[in-house]
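Commentary on secondary and tertiary structure
What follows is each chain in one-letter form.
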Amino acid sequence: MVTNIRRAPAEKLHKLQMHYVYILKCNDGTFYTGCTNDLEDRMRRHSCGEIHYTKSRQPFELVFYACFPDRYKAYTFEKYLKTGSGRAFALRHLHSSAK
């Protein structure tokens, strides 16, 4: 039986902030990849036209998102998705149904 299990104090759990990498499919067939710590607010900002790239490409569809407890891992994944091999990976695995 394992007895050395450590649990995070409740106050640390409340401070844990998730970071999201997301992909939108725009009405012109292009994809937008972004990263945020508040996905609902970012979707609102896209819908209101506050994000330059998607402002003229509405409506859009959220086709993928992933949560990361570490913002650096989220930013690293976003950066990867914006490379040639990352875009190919996303097309094959993350939004293949959105083509």
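These notes cover the structure that comes with them.

Looking at the overall build of the protein
Counting its secondary structure elements, the protein contains five helices and three strands. The helix and strand sequence of the protein, counted from the amino end, reads α-β-β-α-α-β-α-α. Across the 99 residues in the protein, those meeting the buried criterion constitute 34%. At a minimum sequence separation of 6, the contacts of the protein that also span at least 24 residues come to 54%.

Describing the environment of Ser 56
Note that Ser 56 resides in the loop between α3 (52-55) and β3 (60-68). Spatially, the C-alpha atom of Ser 56 lies 9.3 Å from that of Asp 28, the residues being 28 residues apart in sequence.

Description of the side chain of His 46
Within the element layout of this structure, His 46 appears in helix α2 (residues 39-47). Ignoring sequence-local partners within four residues, the contact set of His 46 consists of Tyr 22, Leu 24, Tyr 32, Ile 51, Thr 54, Gln 58 and Phe 60.

So, the packing of aromatic side chains
This model, assessed by the stated rule, comprises six aromatic pairs. Ring geometry for Tyr 22 versus Tyr 32: centroids 6.2 Å apart, planes at 40 degrees, classification tilted. A residue pair is termed long-range when its members are at least 10 positions apart, and Tyr 22 in strand β1 (residues 19-26) and Tyr 32 in strand β2 (residues 31-36) qualify at ten residues. The burial state of Tyr 22 is the same as that of Tyr 32; both residues are buried. By the ring-pair criterion, three or more aromatic residues cluster together here, those being Phe 68, Phe 77, Tyr 80 and Phe 89. Between Arg 57 and the ring centre of Tyr 53, over which it is positioned, the NZ or CZ distance is 3.9 Å.

About the thresholds
- Residues numbered from 1 in each chain as written.
- Predicted model: local features only at pLDDT ≥ 70, side-chain atom pairs only at ≥ 80, totals over all residues.
- Heavy atoms only, no water.
- Helix = DSSP H or I, 4+ residues; strand = E, 2+ residues; numbered from the N terminus.
- Buried < 20%, exposed > 50% of the residue type's maximum accessible area, 1.4 Å probe, protein only.
- Contact = heavy atoms within 4.5 Å.
- Phe/Tyr/Trp six-rings, centres within 6.5 Å; stacked < 30°, edge-to-face > 60°.
- Lys NZ or Arg CZ within 6 Å of the ring centre and 35° of its normal.

So yeah, pure geometry; function would need other evidence.
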